[in-house]
Amino acid sequence: MAVFADDGMFTAAQKDELIRRRPATRRVDLAGASHDAHLDAFDQWICVLREYL
């Protein structure tokens, strides 16, 4: 699983490239989050993590 923040350090192209290279990877984009997504979008982060685990 790859968890990205909408306003994080990776560009849309970089995110797409990672998934292109690893097509079996589940991609999750956290809305309204920055580089510190686990702090900015805590509830979303916990939800995604619980689902994954």
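Fair warning: this is a prediction, and the values are worked out from it, not measured in the lab.

Chemist: When you look at a nonpolar patch on the surface in this model, what are you seeing that I'm missing?
Modeler: The grouping of Met1, Leu49, Tyr52 and Leu53 at the surface amounts to a nonpolar patch, some 420 Å² of accessible area in total. Here Leu49 lies in helix 3 (residues 42-52). Relative accessible area serves as the criterion here: at 31%, Leu49 is assigned to the partly exposed category.

Chemist: Where do I start with the pattern of salt bridges in this structure?
Modeler: Where charged atoms from two side chains of opposite charge approach closely, those side chains can pair. All chains considered together, the criterion is met by six salt bridges. Two residues, Arg27 and Asp16, come together in a salt bridge whose shortest N-O distance is 2.7 Å. Within this pair, whereas Arg27 is found in strand 2 (residues 27-34), its partner Asp16 is found in helix 1 (residues 12-21), the two being separated by 11 residues in sequence. Overlapping salt bridges, with partners in common, bring together Lys15, Asp16, Arg27 and Asp29 in one network.

Chemist: Can you help me understand the environment of Gln14 in this one?
Modeler: Mapped onto the fold, Gln14 is located in helix 1. Accessibility expressed as a relative area gives 42% for Gln14, which makes it partly exposed. C-alpha separation for the pair Gln14 and Gln44, spaced 30 residues apart in sequence, amounts to 22 Å.

Chemist: Teacher, can you tell me more about a negative patch on the surface here?
Modeler: A cluster of acidic side chains, namely Asp6, Asp7, Asp36 and Asp40, defines a negative patch on the protein surface. Following the sequence through the fold, Asp7 ends up in strand 1 (residues 2-7).

Chemist: Could you clarify how one ought to interpret the packing of aromatic side chains in this entry?
Modeler: For any two aromatic rings, the description comes down to two numbers: the centre-to-centre distance and the angle of the planes. Taken as a whole, this structure holds one aromatic pair when the rule is applied. Pairing Phe4 with Phe10 gives two aromatic rings, centres 6.0 Å apart and planes at 80°, and the pair type is edge-to-face. On the basis of relative accessible area, Phe10 is assigned to the partly exposed category, the value being 43%.

Chemist: I would appreciate a short explanation of the environment of Asp40 in the present structure.
Modeler: Among the structural elements, Asp40 can be located in helix 2 (residues 37-40). Distance from Asp40 to Arg50, taken between C-alpha atoms, is 17 Å for residues 10 residues apart in sequence.

Reading the values: rules and limits
Residues numbered from 1 in each chain as written. Predicted model: local features only at pLDDT ≥ 70, side-chain atom pairs only at ≥ 80, totals over all residues. Heavy atoms only, no water. Patch = residues over 30% accessible without salt bridge, like charges linked within 9 Å, V, L, I, M, F, W, Y side chains within 5 Å. Areas by Shrake-Rupley, 256 points an atom, 1.4 Å probe, with all protein chains shown as cover. Salt bridge = Lys/Arg side-chain N within 4 Å of Asp/Glu carboxyl O. Helix = DSSP H or I, 4+ residues; strand = E, 2+ residues; numbered from the N terminus. Buried < 20%, exposed > 50% of the residue type's maximum accessible area, 1.4 Å probe, protein only. Lys, Arg positive; Asp, Glu negative; His and termini not counted. Charge placed at Lys NZ, Arg CZ, Asp CG, Glu CD. Phe/Tyr/Trp six-rings, centres within 6.5 Å; stacked < 30°, edge-to-face > 60°.

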